[in-house]
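The primary structure of each chain is shown beneath.
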Protein chains: 2
Amino acid sequence: MSIPGITGPAGFSAGAVAAGIKPSGALDLALILNEGPRSDAAAVFTRNRVVASPVRVSRKAVADGQLRAVAINSGNANACNGAQGDADARAMVDAVSHGTDIAVNDIAICSTGLIGEPLPMDNVLTGIADVVNHIGATRQHGNNAATAIMTTDTIPKESVYAGDGWSVGAMGKGVGMMAPSLATMLVCITTDAIANAAILQRSLEKACIQTFNTLDVDGSTSTNDTVIIMSSGASGVQPSEEELAQAILEVCADIADQLQADAEGVTKRVKISVAGTGSDEQALHAARTLGRDNLFKCAMFGSDPNWGRVLAAVGMADADMDPDNISVYFNDQPVCVQSTGVPGARDVDLSGADIDVRVDLGTGGTGTAFVRTTDLSYSYVEINSAYSS
Amino acid sequence: MSIPGITGPAGFSAGAVAAGIKPSGALDLALILNEGPRSDAAAVFTRNRVVASPVRVSRKAVADGQLRAVAINSGNANACNGAQGDADARAMVDAVSHGTDIAVNDIAICSTGLIGEPLPMDNVLTGIADVVNHIGATRQHGNNAATAIMTTDTIPKESVYAGDGWSVGAMGKGVGMMAPSLATMLVCITTDAIANAAILQRSLEKACIQTFNTLDVDGSTSTNDTVIIMSSGASGVQPSEEELAQAILEVCADIADQLQADAEGVTKRVKISVAGTGSDEQALHAARTLGRDNLFKCAMFGSDPNWGRVLAAVGMADADMDPDNISVYFNDQPVCVQSTGVPGARDVDLSGADIDVRVDLGTGGTGTAFVRTTDLSYSYVEINSAYSS
């Protein structure tokens with residue numbers, strides 16, 4: 001029975017401390033170590049052109065497909081801090097290297113929190129020196145790390161997949177700035193399966209497309225998105241690429257579900273499926289256009305089956321459609337057929353926490369896609385109108 | 001001294017009644033008549049591919065550049081009602097024709113309100129038969145019409161431009177579903193200047209690009225957007241095309257200002273200017289990307305100078321940029337230079353109702369553009385989470 005989280009797979013240890021980066025005094029610095037025997041690794045980063053200093057550093061570190069440590073701080077994104085930010089990121093790596101005897105080129109770092117504030121380096125460096133004394137392979141150690149990377153997350157997010165003699169563990173954080181291109185979060189995945197960096201990279205990219213990239217909470221994409229996977233090979237088992245890819249997909253899907261459920265101010269989890277258009281890409285564009293429409297998202301918050309807003313939103317999508325033949329289903333009940341309301345459509349019950357929205361654009365085309373989004377609530381506004389103050 | 005509104009220019013009369021389309025019993029049906037001697041007209045409609053029945057009817061009516069009447073109802077958009085919606089729209093035109101002796105091909109109609117509910121035709125037809133008895137050319141008549149087209153607007157919106165012996169008047173409504181492609185609203189413009197339909201069309205399109213199309217409240221574009229201009233020629237004056245275009249631009253700008261100020265739940269009016277990129281089109285895309293970013297809009301609501309969200313948002317725009325050389329100014333104070341925070345940036349005062357945001361993408365390119373948007377407030381969520389119930 002594998003334990004959830006990054007310390008589940010053999011060969012991994014982790015730990016966290018409260019370094020004082022967060023004013024609250026909560027855990028805010030995590031370190032994950034891959035003790036081998038192998039150190040294959042892969043990563044996917046934000047597509048935002050404004051990237052944080054830790055992303056620049058970690059891109060270089062993982063370029064050779066090898067990592068042995070990941071250090072993550074919350075409370076500060078170390079983004080948009082210019083040359084000082086880059087220097088601070090390198091200093092974090094140096095400190096981890098000093099404390100662990102791991103080569104700087106095998107160390108990735110992540111930061112999450114407010115953009116544009118210099119890192120409090122005294123706290124960060126003291127914290128790194130301290131965290132190496134709090135490393136272990138228990139479930140609690142992994143959970144501490146998952147807790148230390150939280151920002152406005154309300155709960156730590158962990159997952160596990162148990163293979164036959166091997167496993168995959170994961171942790172993640174992310175609550176706002178969630179949009180395609182990784183749904184804006186940090187995720188660290190560990191496995192004791194034997195797998196080279198190329199297999200890890202392919203499997204991770206496929207999993208991201210199907211999971212994190214389908215999550216669109218607020219259309220905003222952060223400067224710090226990072227998903228890292230490290231393999232220790234400590235199980236001695238080499239699953240097929242297909243088996244491993246499936247395992248990685250499952251933990252990513254699980255973490256994505258948890259991210260959606262804990263998104264800022266969320267009261268509804270909304271799945272939007274689109275069909276009946278020219279291509280999967282067009283369907284995805286239509287689904288995202290709807291998933292980002294604030295009027296639609298407010299209607300979901302109000303449990304209001306206002307399907308007219310669905311038509312108004314998809315009508316602006318860059319997708320093939322027959323404007324007179326669009327169908328909409330809320331929770332599998334037809335509310336609009338041939339672009340016209342179905343009697344009783346206003347009475348569909350959307351009071352539950354999960355809402356399923358299905359749209360057929362009516363061309364008979366085979367393109368399909370889905371995205372997961374959330375409602376737009378008072379709490380979203382509350383949380384995000386006073387973040388930096 | 002010209003009076004504001006659509007009855008300002010000579011040759012126009014208007015009126016409104018409470019037809020019972022709105023449950024509140026407020027004015028909800030307006031009629032504007034062009035009594036000539038000329039009946040040149042032009043219009044711009046929504047780019048949404050899902051279009052309301054009145055838009056289909058009015059497109060046909062104005063195709064020959066001639067209109068003598070516009071009827072507008074609020075309380076129901078007559079959108080997504082299928083063949084019944086089209087028949088109801090034609091029945092509205094027939095009723096106006098019957099009551100006014102104007103040919104059906106010279107009558108445009110507009111509807112605004114909830115999408116997907118059949119029009120209450122008994123009320124609509126009785127209202128049209130009644131409104132012809134309440135037509136006049138006073139300021140009050142024009143104001144009644146401007147009041148009757150309101151949905152969640154809190155005030156009627158009217159404007160006037162006084163030329164030398166001629167004038168342009170306007171009224172508009174619009175509060176949500178405001179995004180490029182007309183900012184989603186209904187606007188009716190009248191002028192007693194002599195101008196043919198081609199001149200009116202060119203002038204109107206130019207004005208829309210610079211005014212309504214720069215307004216982006218929530219990224220949503222409605223199915224009913226319509227801007228109509230009618231010319232009576234009653235002044236006997238024929239201004240140059242340049243003069244007339246300027247007058248039309250001025251009333252459109254004035255109405256756009258009023259729409260922005262009265263947008264749903266607005267507490268801040270935000271102007272976003274972008275420069276330093278490859279083309280005006282790229283600058284516009286970057287400005288819109290920022291103007292639609294919910295995290296940025298929440299920060300504006302909180303008067304929070306969180307410039308990091310500006311960089312995160314523009315970093316996803318389809319525009320040339322130097323990610324290390326982006327500058328941001330809030331109310332003319334630099335808060336970010338070379339993509340790095342300026343000391344004191346968090347102390348910039350954004351407590352006023354108007355916030356000016358200027359972004360330079362740092363490439364040295366000459367592209368510039370601006371959009372006007374609003375904050376994302378509790379009230380926006382409140383108004384839009386219970387609209388159809």
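Residues numbered from 1 in each chain as written. Chains lettered and ligands numbered in written order. Predicted model: local features only at pLDDT ≥ 70, side-chain atom pairs only at ≥ 80, totals over all residues. Heavy atoms only, no water.

## Let's talk about the environment of Gly265(A)
1) Next: For Gly265(A), the position within the fold is in the loop between helix H6 (241–261) and strand S10 (269–277).
2) Next: Its relative accessible area of 14% is what places Gly265(A) among the buried residues. (Helix = DSSP H or I, 4+ residues; strand = E, 2+ residues; numbered from the N terminus. Buried < 20%, exposed > 50% of the residue type's maximum accessible area, 1.4 Å probe, protein only.)

## Quick word on the relation of the copies chain B and chain A
1) Next: When chain B is fitted to chain A, the residual RMSD is 0.0 Å, and the transformation amounts to a turn of 180° plus an axial shift of 0.0 Å. Here the two chains are linked by the operation of a two-fold rotation axis. Residue Tyr378(B) of chain B places its C-alpha closer to the rotation axis than any other residue of that unit, at 2.8 Å.
2) Next: Most of the interface of chain B is mirrored in chain A, where 100% of its interface residues are also at the interface. (Least-squares fit on C-alpha atoms with pLDDT ≥ 70 in both. Contact = heavy atoms within 4.5 Å.)

## Quick word on the domain arrangement of chain A
All names here are of chain A.
1) Next: Each assigned domain of chain A is listed with its residue range as follows: domain 1 (12–259) and domain 2 (269–384).
2) Next: Taken over C-alpha atoms, the centre of domain 1 sits 33 Å from the centre of domain 2.
3) Next: Contacts between the two partners involve 15 residues from domain 1, matched on the other side by 11 residues from domain 2.
4) Next: Regarding the contact of domain 1 and domain 2, the summed buried area is about 1000 Å², with carbon and sulfur atoms giving 44% of it.
5) Next: Linking domain 1 with domain 2 are 1 salt bridge.
6) Next: Note that Arg 372 is salt-bridged to Asp 257, the shortest N-O span being 2.5 Å.
7) Next: Counting the contacts that link domain 1 with domain 2 gives 4 residue pairs in polar contact (both at pLDDT 80 or more). (Domains from an automatic or database assignment. Buried area = accessible area lost by both parts, 1.4 Å probe. Salt bridge = Lys/Arg side-chain N within 4 Å of Asp/Glu carboxyl O. Polar contact = N/O pair within 3.5 Å; in protein donor to acceptor, adjacent residues only side chain to side chain.)

## Some points on the packing of aromatic side chains
1) Next: Tallied over the full model, the rule gives 5 aromatic pairs over all chains.
2) Next: When the ring of Tyr378(A) is compared with that of Tyr378(B), the centres are 6.4 Å apart and the planes differ by 55°; the resulting orientation is tilted. Here Tyr378(A) is found in helix H10 (residues 378–384), whereas its partner Tyr378(B) is found in helix H10 (residues 378–384) on a different chain.
3) Next: Taking the relative accessible area as the measure of exposure, Tyr378(B) reaches 32% and is therefore partly exposed.
4) Next: Both rings, one in Phe301(B) and one in Tyr378(B), keep their centres 5.3 Å apart while their planes meet at 90°; by these two values the pair is edge-to-face. Of this pair, Phe301(B) sits in helix H8 (residues 294–301) while Tyr378(B) is found in helix H10, placing the two residues 77 residues apart along the sequence.
5) Next: Three or more aromatic residues joined by ring pairs make a cluster, and in this case those are Phe301(A), Tyr378(A), Phe301(B) and Tyr378(B).
6) Next: Its guanidinium or amino end placed over the ring of Tyr329(A), Arg358(A) lies 4.2 Å from that ring's centre, counting from NZ or CZ. (Phe/Tyr/Trp six-rings, centres within 6.5 Å; stacked < 30°, edge-to-face > 60°. Lys NZ or Arg CZ within 6 Å of the ring centre and 35° of its normal.)

## Section: the pairing of strand S12 (residues 333–337) of chain A
Residues and elements named next belong to chain A.
1) Next: Here 3 bridges tie strand S11 (residues 327–330) to S12, and the two strands are oriented antiparallel to one another. Across the sheet, Phe 330 pairs through a bridge with Gln 333, a residue of S12.
2) Next: Taking the residues that link successive antiparallel strands as the turn, the S11-S12 hairpin has 2 residues, and the phi of Asn 331 there is positive, at about 45°.
3) Next: Across 2 bridges, S12 lies against strand S13 (residues 340–341) in antiparallel orientation. Bridged to Cys 336 within S13 is Gly 341. (Pairing = 2+ DSSP bridges.)

## Here's the deal with the sheet that holds S13(A)
All names here are of chain A.
1) Next: Taken in spatial order, the 6 strands make up an open sheet running S13-S12-S11-S14-S10-S15, and their pairing is mixed. Two strands bound the open sheet, and with one partner strand each, they are S13 and strand S15 (367–374).
2) Next: Pairing of S11 with strand S14 (residues 354–360), which is carried by 4 bridges, proceeds in the antiparallel orientation. Within S14, the position partnered with Ser 327 by the bridge is Asp 360.
3) Next: Along the sheet face, H6 touches S10 and S15 and points at about 50° away from the line of S15.
4) Next: Lying over the sheet, helix H7 (residues 280–291) contacts S10, S14 and S15, oriented at roughly 25° with respect to S15. (Axes fitted to C-alpha atoms, helices over the stretch in contact; angles between N-to-C directions.)

## Remarks on the interface of chain B and chain A
1) Next: In this assembly, 57 residues from chain B lie in contact with 57 residues from chain A.
2) Next: Linking chain B with chain A are 4 salt bridges, by the criterion used here.
3) Next: For Glu117(B), the salt bridge is made with Arg346(A), and the minimal N-O distance between the two is 2.6 Å.
4) Next: Elements supplying a minimum of two residues to the side of chain B that touches chain A: H8, helix H9 (307–314), strand S13 (340–341) and H10 of chain B.
5) Next: Tallied by class, residues from the side of chain B that touches chain A come to 23 nonpolar, 21 polar and 13 charged. (Nonpolar A, V, L, I, M, F, W, Y, C, P; charged D, E, K, R; others polar.)

## Let's talk about unusual backbone geometry
1) Next: The amide bond that connects Gly36(A) to the next residue, Pro37(A), takes the cis arrangement and shows omega of 20°.
2) Next: Following the sequence through the fold, Pro37(A) ends up in the loop between strand S2 (29–34) and strand S3 (40–45).
3) Next: Even without a glycine there, the phi angle at Asp101(A) is positive, about 65°.
4) Next: Structurally, Asp101(A) can be placed in the loop between helix H2 (82–100) and strand S5 (107–112).
5) Next: With phi around 60°, Cys80(B) is a residue other than glycine that occupies positive phi space.
6) Next: Structurally, Cys80(B) is set in the loop between strand S4 (69–74) and helix H2 (82–100).
7) Next: Under the relative-accessibility criterion, Cys80(B) is labelled buried at 7%.

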